[in-house]
Amino acid sequence: MRHIISVLMENEPGALSRVVGLFSARGYNIETLTVAPTEDATLSRLTLTTAGSDAVIEQVTKHLNRLIDVVKMVDLTDGPHIERELMLIKVRAVGKEREEIKRMADIFRGHIVDVTDKTYTVELTGDHVKIQAFIEALDPTAILETVRTGACGIGRGERVLRL
């Protein structure tokens, strides 16, 4: 099962390396990783996605909690949450393909952010499933380049991750 884990950690050199090292040392895979400072400049929020059984995820969270740099953490998939990912995708758009790509971008509520005579670059925001559905709806030969941020997530309602 796919899990989104959000970690509040010290904004210090080497902190990210220690978190990633924990995963690699134990043979766990990080599917996506997003990290940035929070409103408190001394803290960063790291959001990662990984897959595994409940037992594996429990081990991961126990090991994460032991790291000195980790202040607090939560598995967002344990409760209601909002997940978003950003993708920029450059596609071939010539002739009748141009109208089809515009239509697809509209259907998925994407935005065409760059236009040339042979390509469109589409910006799309949504959860993992929506992003993947857009990619699968396109002709694979039309895709020239794809860039994705990985998941960002936050708990719904009163559920917060802060000191």
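Residues numbered from 1 in each chain as written. Predicted model: local features only at pLDDT ≥ 70, side-chain atom pairs only at ≥ 80, totals over all residues. Heavy atoms only, no water.

A. Here's a closer look at the pattern of salt bridges. Taken as a whole and assessed by the stated rule, the structure comprises 7 salt bridges. Taking the shortest distance from any N to any O, the salt bridge between Arg18 and Asp69 comes out at 2.4 Å. With Arg18 in helix H1 (residues 15-25) and Asp69 in the loop between helix H2 (54-66) and strand E4 (70-75), the pair connects residues that are 51 residues apart, well separated along the chain. (Salt bridge = Lys/Arg side-chain N within 4 Å of Asp/Glu carboxyl O. Helix = DSSP H or I, 4+ residues; strand = E, 2+ residues; numbered from the N terminus.)

B. Structural detail: the side chain of His63. Locating His63 in the fold gives a position in helix H2. Overall, the relative accessible area of 15% leaves His63 in the buried class. Setting aside anything within four residues of it in sequence, one finds His63 in contact with Leu22 and Arg26. (Buried < 20%, exposed > 50% of the residue type's maximum accessible area, 1.4 Å probe, protein only. Contact = heavy atoms within 4.5 Å.)

C. Structural context of the packing of aromatic side chains. This model, assessed by the stated rule, comprises 2 aromatic pairs. Between Phe23 and Tyr28, the aromatic rings sit 6.2 Å apart at their centres with planes inclined by 75 degrees, giving edge-to-face as the arrangement. You can call Phe23 buried: its relative accessible area is 1%. Considering the side-chain rings of Phe108 and Phe134, the 5.2 Å spacing of their centres and the 80 degrees angle between planes classify their relative orientation as edge-to-face. (Phe/Tyr/Trp six-rings, centres within 6.5 Å; stacked < 30°, edge-to-face > 60°.)

D. Structural context of the sheet that holds strand E2 (residues 32-37). Here 4 strands make up an open sheet; going across it, the order is E2-E3-E1-E4 and the pairing antiparallel. Of all strands in the sheet, those bounded by a partner on one side alone are E2 and E4. Neighbour-to-neighbour, the strand axes of this sheet turn through a mean angle of 15 degrees, independent of strand direction. In terms of strand pairing, E2 meets strand E3 (residues 43-51) through 6 bridges, oriented antiparallel. By the bridge assignment for E3, Ala36 is matched with Arg45. (Pairing = 2+ DSSP bridges. Axes fitted to C-alpha atoms, helices over the stretch in contact; angles between N-to-C directions.)

E. How the structure looks around unusual backbone geometry. In this structure, Arg109 takes a positive phi of about 60 degrees despite not being glycine. Here Arg109 is to be found in the loop between helix H3 (97-107) and strand E6 (111-115). A residue is classified by how much of its surface remains accessible, and Arg109, at 69% relative accessible area, is exposed.

F. Region of the structure containing the packing of H1 against H2. At their nearest, the axes of H1 and H2 sit 11 Å apart, and the two run at 145 degrees to each other. Considering only the axes of H1 and H2, their crossing is right-handed. Residues Val19, Leu22 and Phe23 of H1 pack against Val60, His63 and Leu64 of H2. Of the residues in the contact of H1 with H2, the class split is 5 nonpolar, 1 polar and no charged. (Left-handed = near helix turned anticlockwise from the far one by under 90°. Nonpolar A, V, L, I, M, F, W, Y, C, P; charged D, E, K, R; others polar.)

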